[in-house]
Amino acid sequence: MIIDRGANVTPHRYSSTSARKQMGRLIARADRDDLLACLLWTGECRIAEAICKAWADHAGVLRRESDEAKQRREGRRLTFFLQYDQVSTGCRAAAAELYQQIEAELAETIQTLTEAETLSSEIRRELGVDFSARAQAERAHGYTLDTLAVLRNQLRQAESRLADLLATDRTRLHGLAITESFRRRAERTTTLPQIDQMSAQAFTELVHELLSSDGHLVVTPTGRCQLLAIGADGRRMSVALQHRKNARTWGEPPETVNTTALHKAHRAAVAAAAEAVVVTNATITQPALRFAAAHQLRLIDREELQRWAEWGEPVTQAGAA
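Computed from a predicted model, the values in this text were never measured in an experiment.

Attention now moves to the packing of aromatic side chains. Scanning the model with the defined rule gives 0 aromatic pairs in all. Over the aromatic face of Tyr99 sits the side chain of Arg73, whose NZ or CZ is 4.5 Å from the ring centroid.

This is how it looks when you write it as structure tokens:
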């Protein structure tokens with residue numbers, strides 16, 4: 001009989017003399033192969049329990065990260081917004097995406113933990129079975145510990161995926177923090193609701209001023225809704241203005257900009273031998289976004305316009321997002 005001194009277990013003491021004699025006879029009949037098989041068997045049990053504990057710990061980490069992401073996602077809910085706040089909205093959107101991804105990871109982790117615990121129970125349940133019979137069964141049907149090794153390797157992959165998710169989330173939050181810093185330092189007072197109420201001419205003058213603030217030389221406008229700007233590095237930009245007036249003042253975006261408007265901007269840029277840039281206080285339809293991506297149009301939509309006009313972020317400088 002082997003007593004594992006590393007285990008926190010006290011062997012039973014049987015009061016029955018006959019039971020003690022019977023156990024003694026069983027021990028006496030065990031050869032070295034039986035004793036070695038028993039030692040290896042108990043080692044398998046330890047390995048299986050360690051794998052189960054590692055997966056359970058990982059599930060605990062996922063639950064904590066999920067709870068934090070859920071709290072960030074819910075944030076401070078207001079019944080309405082007088083002004084669109086892309087920083088808080090961006091934080092909630094990042095948290096919502098992270099929460100959804102972590103929940104998917106948690107569901108997979110729970111499934112894996114269930115499989116590992118089933119295999120661990122199977123190994124423990126076989127203790128007491130004839131050693132030779134168990135060895136034959138393992139050879140015939142596959143070694144249970146090999147399957148557990150596969151699950152252990154999957155744990156490393158799961159931990160790596162979680163690290164990537166958290167790193168991506170930190171990167172998004174860092175970008176939002178930079179935007180927030182521009183907002184806090186901004187001295188301009190032109191807000192999105194004010195821009196929504198501007199005339200087309202006033203919007204043109206505003207963009208002219210913003211381009212100059214970013215260090216561009218704005219030459220004679222090519223049209224009422226078209227500007228030509230030259231950067232300090234000589235980069236030429238044909239800036240098309242797509243202003244949509246909104247009679248409502250509750251921060252709701254005006255009507256969208258479609259593919260037709262972007263196609264006109266692209267043609268004007270080609271004629272001017274310049275980079276095409278479209279500035280709008282509206283949102284952009286999905287087909288128009290695909291057109292812009294296919295023809296390398298630089299879009300300054302409603303969100304970027306707020307960063308540019310209201311918070312002072314130089315979005316048209318070289319290297320700006």
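Even without being glycine, Ala273 reaches a positive phi, approximately 55 degrees. Structurally, Ala273 can be placed in the loop between α8 (259–272) and β4 (275–280). Backbone geometry places Gln296, a non-glycine residue, at a positive phi of 55 degrees. Judged by its relative accessible area of 61%, Gln296 falls in the exposed class.

In this section: the confidence of the model for the chain. Of the residues in the chain, 69% have a pLDDT of 70 or more, and the chain-wide mean is 79. No element of the chain has a lower mean pLDDT than helix α4 (residues 131–141), at 59, and none a higher one than β4, at 94. Within the model, the stretch residues 78–84 combines pLDDT values under 50 with 14 contacts to residues more than four positions away or in other chains.

Turning to helix α9 (residues 286–294), a few remarks are in order. For α9, the full list of buried residues reads Ala288, Phe291 and Ala292. Taken end-on, α9 shows its buried residues confined to a sector of 100 degrees, consistent with a single buried face. Of the exposed residues in α9, the ones pointing more than 90 degrees away from its buried face are Pro287, Arg290, Ala293 and Ala294. Phi for Gln296, located one or two positions after α9, is positive at around 55 degrees.

Another point: the side chain of Arg244. Here Arg244 shows up in the loop between β3 (236–242) and α8. In this structure the side chain of Arg244 is engaged in a polar contact, spanning 3.2 Å, whose partner is the side chain of Gln242.

Here we come to α8. Here α8 is 14 residues long and its end C-alpha atoms lie 20 Å apart, about the 20 Å a rise of 1.5 Å per residue gives. When we look at burial in α8, the residues that qualify are Ala261, Leu262, Ala265 and Ala269. Mapping the buried residues of α8 onto a view down its axis gives an arc of 95 degrees, with all of them on the same face. For α8, the exposed residues set more than 90 degrees away from the buried face come down to Lys264, Arg267, Val270 and Ala271. The secondary structure elements touched by the buried residues of α8 are β3, β4, α9 and β5 (298–300). One side-chain oxygen of the residue at the start of α8 lies 3.2 Å from the amide nitrogen of Thr260, identifying that residue as Asn258. Just downstream of α8 lies Ala273, where phi reads positive at about 55 degrees.

Read across the sheet, 5 strands follow the order β1-β2-β3-β4-β5 without closing on themselves; strand pairing throughout is mixed. Strands with a single pairing partner mark the edges of an open sheet, and in this sheet they are β1 (217–218) and β5. Here β4 runs beside β5; their pairing, made up of 3 bridges, is parallel. Its bridge partner lying in β5, Val277 is registered against Arg298.

Their axes nearest at 10 Å, the elements helix α7 (residues 200–213) and helix α10 (residues 302–310) cross at an angle of 70 degrees. Between α7 and α10, the interaxial angle falls into the category roughly perpendicular. With respect to the hand of their crossing, α7 and α10 are arranged in left-handed fashion. Residues Phe203, Leu206, Val207, Leu210 and Leu211 of α7 form the contact with α10, whose own contacting residues are Leu305, Trp308 and Ala309.

Next up on the list: the side chain of Thr204. For Thr204, the location among the structural elements is in helix α7. A polar atom in the side chain of Thr204 sits 3.0 Å from the backbone oxygen of Ala200.

It is worth spelling out the pairing of β3 at this point. Both faces of the sheet carry side chains from a regular strand, because those side chains alternate between them. Most of β3 is tucked away: 6 of the 7 residues are buried. With 5 bridges joining them, strand β2 (residues 226–230) and β3 adopt antiparallel strand pairing. Note that in β3 the partner of Leu228 across the bridge is Ser238. Between β2 and β3, which pair antiparallel in sequence order, lie 5 residues; one of them, Gly234, sits at a positive phi of approximately 85 degrees. Two elements, β3 and β4, share 6 bridges in a ladder whose sense is parallel. Counted as the bridge partner of Val239 is Val277 from β4.

Calculation criteria
Residues numbered from 1 in each chain as written. Predicted model: local features only at pLDDT ≥ 70, side-chain atom pairs only at ≥ 80, totals over all residues. Heavy atoms only, no water. Phe/Tyr/Trp six-rings, centres within 6.5 Å; stacked < 30°, edge-to-face > 60°. Lys NZ or Arg CZ within 6 Å of the ring centre and 35° of its normal. Helix = DSSP H or I, 4+ residues; strand = E, 2+ residues; numbered from the N terminus. Buried < 20%, exposed > 50% of the residue type's maximum accessible area, 1.4 Å probe, protein only. pLDDT = per-residue confidence, 0-100. Contact = heavy atoms within 4.5 Å. Arc of directions from axis to C-beta. Polar contact = N/O pair within 3.5 Å; in protein donor to acceptor, adjacent residues only side chain to side chain. Expected span 1.5 Å × (residues − 1). Pairing = 2+ DSSP bridges. Axes fitted to C-alpha atoms, helices over the stretch in contact; angles between N-to-C directions. Parallel < 35°, antiparallel > 145°, perpendicular 65-115°, else oblique. Left-handed = near helix turned anticlockwise from the far one by under 90°.

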